[in-house]
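Letter by letter, the chains look like this.
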Amino acid sequence: MGLSTVAAAVSVARFHQGVAWITVAACGLSWVPSGLRWLRVAQREHYLAGSSTRFAARWWTITPVNRAMAATAVAAGVISVWRPLAGILTGLMVAAGPLGLSLKGRTAPLAWTRRLRTLAGVWAVMEILVVVIGLVTGLASVLTVVAALAVPLLMDAACVVTAPIERRLSEHFVADAQRRLQRVAPTVVGITGSYGKTSTKNHLVHLVEGTSSVVATPASFNNRAGLARAINEHLTDGTEVFIAEMGTYGLGEIADMCRWCPPRVAVITAIGPVHLERFGTEDRIVEAKSEIAVPARDVVIQVDDPRLAALADRLAAEGKHMVRCSASDRSADVSVIREAGTTRVTVTIGGETVATGVELPTGVQPANLACAIGAARSVGVETSSIVSTLADLPAVGHRLQAVRSPSGFTILDDTYNSNPAGARAALAALGELEGPGAADPGGGATGTTAVVTPGMVELGSRQRAENYSFGSEIAGVADNLVVVGRTNRRALEAGAASNGSARMAVTWVANRPQAVAWVRDHLGPGDAVLYENDLPDHYP
Amino acid sequence: MPDVAVIFGGPSPEHDVSVLTGLQAARGLDLAGSGPVAALYWSKTGDWFAVDPGLEAEAFVDGVPRGATKLQLVAAPDGGFSESGGRLGRARQLDIDAAVVCCHGGPGEDGSLQAVLDLAGIAYTGPSVAGASVGMDKLSFGALMAEAGLPTLPRQLLSTDSAAPSFDGPYILKPRFGGSSIGIDVVEDFATAQARLSANPHFRSGAVVEPFRPDLSDLQVAVRSWPALQLSAVERPIRSSATADILDYRDKYVAGEGMAGAPRQLPAQISPSLEKTLREAAAQVATLTGLRGVARIDFLSDDSQLMVNEINTIPGSLARYLWVDPVVSFGELLADLLDEARQRPTHAYTTSGADGTVLRSAGSIAGKLG
């Protein structure tokens, strides 16, 4: 009798142990799809530690289904301490969710680069380490469940661990770049700013290329690794002017680039709440951008923004040669000012008018052009040469291009823009379009205007407010708002509803293809649509 | 089996067009089934890489494509291309039997690359060092044509101390060296021409000046040298806009897939007598420049007069699209180019005469310096 009780107890214990292994297997398997998801997010977010957790928090709370799945996963995880089988449910949830965040990605598929493979390896080791600790302490099933729930956290931890490795690996590319730069010895122009960097760079190339042989960093090569690659692969012997776009996600990054690629001419185009969630405050953004001025002799700066005007005064006091640029103040060192009611501008240099009636192509912002002119002067381009090349300034690609669709409506493409100031300018352009909508808001089938947007992101604490006011402003201009995705849905819709004067229709679609389909179904000849910003599909 | 190599890219303003030509050649060789192809990419900064020959142009947009293997090029008899720093730190030599040179402009078409390939012992298609250099130097080429009695526009060196040309303006200014229309300027008078000389970065290594004749239009013909001298149909390129001063770089290359996509009249509708003059002149140009491979010769004409303008010794798309009459397929063109590369040497070094006599009787070097 006593013996059989013991035997039964042992078999129950064995059964539990067996069950625990099923849980370990289920949760272990769930790491794979979950890991792929968060690897993709980490890659899209430039391997910055914290992004996976931040996006996980967003995704798991964005829809009722995802919230239910998250709650189930956690609850089952807790129950699994006593009933190991419950952990299987956690594994299932983690493997399947969050719904909407696809494994492979449509707009931004996972690319198995060397860097990603390293990250995947380090992350996998961390996951296994947790289970090994479980085996040693006898908590295998509990810790496997925890490891499944903590995939985004461990992914961030892996980002932290790999960051110094990546830095070490990039060291020799940077050393190569530094050597090449010293050998070719061009005049280096560094351009930074929250927005307008690429446009200003392109304008500057145009103004300089008739006078000097010029090489500019290709689009999006604006961090440490990208700059090194641009120099190693594009800086041809004989280059006289090298234009480097320098972006930053945090303090010290530009200072670091300036150590091995010091610009003689520094350009600061604009300050705005871009990447605000990484910086915290806009003052810190100004501080980060101003690092570019340290090695420079000349600093070209847009002073329509009072914060940059203050920075200019500070730098002048430090003995920098300042070139203040403006889109409104004729007394600035360089001004490009719109002639009232036209698409033409007047250009002044040192207070003197050098050109009037200059037609600006689509998308060219006067402030950016002013900065480009200031920088061109700093690298020695004659005023006469600047004036003659202004006449054939190219339009800015993907920056508010107006094109006609095959079925006859106008498309304003501002999908590459992501900042509030640009969004406002685009909206104004939609309002100014001749023909449709604006003159006759809500005027029936023809002349309809629509704005298609997922809203703006990376605005930190101001994200909701910025999208809310954008929604409200859209309501004052357009007949239709098509909100794409869930990221800013509530803020945009609430903002749109707050504008009482409007009779705008608001539609919600899950993704870009659905938005395009909506436009095709609803717009015809004489209508116009503004596509404002586009988010890769790792955003909800 | 040794590989056929395709060389493209290079530190040249025509780097991008060269990538298109190179990828077309690699694809053409692959389609012709002539064995393994090694695609050798020469970067803008002068580095060498082995890349997948099946790549699309887009892979080169940002620079060196993903998955490229770095190579070293050693100019020595047992040199050639090798993978630098292989897995075990050992260099793996590429077994190359002949190379199709697809470089345009710059050191790929001016004899620099050709000289290194000669020294490395790699057989290659297209011009030799001498043919490439004369084709790249507009001043030398123009003088050579004039000297041989071929009709050309007067062409003079433009320098800061040069006297006004013997002809009247408006003038067309061209970089002395360079293959494409990049850097060309049209000016009204000689004072402006001299001002442009210091301002235009493309004139740093010299510029030539010619009378600007908007009444003349372009006529082009491809010539190949193997198995025998052969001329293609004559082409009349069409300018994209009536206001454009000259057939610019955009017209030539950007509009489509290399030259093959540009607007044109082919064969050009010209009088039989003009065509005959053109063909005779083209054959003469080929002989004068020691043509090797396939070249494109550009003429200017007002439909009665004909002027030799320039030669492209390695033309965009290897001028494959011009072979409509006679019909030469791209595969056949490439096969003949490779045949010539293997069989017709680009150089013959001789040391006869260097038999030690001079050295024996030389005495001490110090004595010579004294």
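Remember, it's a predicted structure, so these values are computed and weren't measured experimentally.

Draft legend 1. Representation of the overall build of chain B. Counting its secondary structure elements, chain B contains 11 helices and 16 strands. The C-alpha radius of gyration of chain B comes to 22 Å, within 12% of the 21 Å expected for a compact globule of 370 residues. Considering only C-alpha atoms, chain B reaches an extent of 65 × 65 × 40 Å along its principal axes. Expressed as a percentage of the 370 residues in chain B, the buried residues total 44%. Long-range contacts, defined here as pairs at least 24 residues apart, represent 66% of the contacts in chain B between residues at least 6 apart.

Draft legend 2. Local environment of the pairing of strand 5 (residues 80-83) of chain B. Residues and elements named next belong to chain B. Note: strand 4 (residues 69-74) against strand 5, four bridges, orientation antiparallel. Paired with L71 across the bridge in strand 5 is E83. Taking the residues between adjacent antiparallel strands as the criterion, strand 4 and strand 5 are bridged by five residues. Relative to strand 6 (residues 92-93), strand 5 runs antiparallel, the two being bridged by two bridges.

Draft legend 3. Spatial organisation of the environment of D336 of chain B. Residues and elements named next belong to chain B. When you line up the elements, D336 lands in helix 9 (residues 330-343). Accessibility expressed as a C-beta count within 10 Å gives 20 for D336, which makes it buried. C-alpha of D336 to C-alpha of F60: the two residues are 276 residues apart in sequence and 28 Å apart in space. Setting aside anything within four residues of it in sequence, one finds D336 in contact with R224, W226 and P227.

Draft legend 4. Spotlight on the sheet that holds strand 8 (residues 156-158) of chain B. Residue and element names in this part refer to chain B. The strand order 8-11-9-10 describes an open sheet built from four strands, whose pairing is antiparallel. The open sheet has two edge strands with one neighbour each: strand 8 and strand 10 (185-187). Here the average twist between neighbouring strands, direction ignored, is 35 degrees. Note that strand 9 (residues 171-175) and strand 11 (residues 207-211) share five bridges and pair antiparallel. Following the sheet pairing, Y171 is matched in strand 11 by P211. Lying over the sheet, helix 6 (residues 190-199) contacts strand 8, strand 9, strand 10 and strand 11, oriented at roughly 150 degrees with respect to strand 10.

Draft legend 5. Region of the structure containing helix 13 (residues 306-317) of chain A. Residues and elements named next belong to chain A. Between the first and last C-alpha of helix 13 there are 17 Å, a value that for 12 residues agrees with the 16 Å anticipated at 1.5 Å per step. Listing the buried residues of helix 13 in full gives L308, L311, A312 and L315. The buried side chains of helix 13 occupy one side of the element, clustering within an arc of 105 degrees when seen end-on. In helix 13, the exposed positions angled more than 90 degrees off the buried face are occupied by P306, A310, R314 and A317. In this fold, the buried residues of helix 13 make contact with strand 4 (265-268), helix 12 (282-290), strand 5 (298-302) and strand 6 (321-326).

Draft legend 6. Seen up close, the interface of chain B and chain A. Of the residues lining the interface, 10 residues belong to chain B; the matching set on chain A comes to 15 residues. Within the side of chain B that touches chain A, the residues separate by chemical class into four nonpolar, four polar and two charged.

Draft legend 7. Structural context of the pairing of strand 11 (residues 410-414) of chain A. Residues and elements named next belong to chain A. Of all five residues in strand 11, four are buried; the element is thus mostly enclosed. One ladder, built from five bridges, connects strand 11 with strand 15 (residues 528-532); its direction is parallel. Within strand 15, the position partnered with D414 by the bridge is E532.

Reading guide: rules and limits
- Residues numbered from 1 in each chain as written.
- Chains lettered and ligands numbered in written order.
- Predicted model: local features only at pLDDT ≥ 70, side-chain atom pairs only at ≥ 80, totals over all residues.
- Helix = DSSP H or I, 4+ residues; strand = E, 2+ residues; numbered from the N terminus.
- Rg over C-alpha atoms; globule rule 2.2 N^0.38 Å.
- Buried ≥ 20, exposed ≤ 12 C-beta atoms within 10 Å, placed from the backbone.
- Contact = placed C-beta atoms within 7 Å.
- Pairing = 2+ DSSP bridges.
- Axes fitted to C-alpha atoms, helices over the stretch in contact; angles between N-to-C directions.
- Expected span 1.5 Å × (residues − 1).
- Arc of directions from axis to C-beta.
- Nonpolar A, V, L, I, M, F, W, Y, C, P; charged D, E, K, R; others polar.

Shape is all these values report; function is a separate question.
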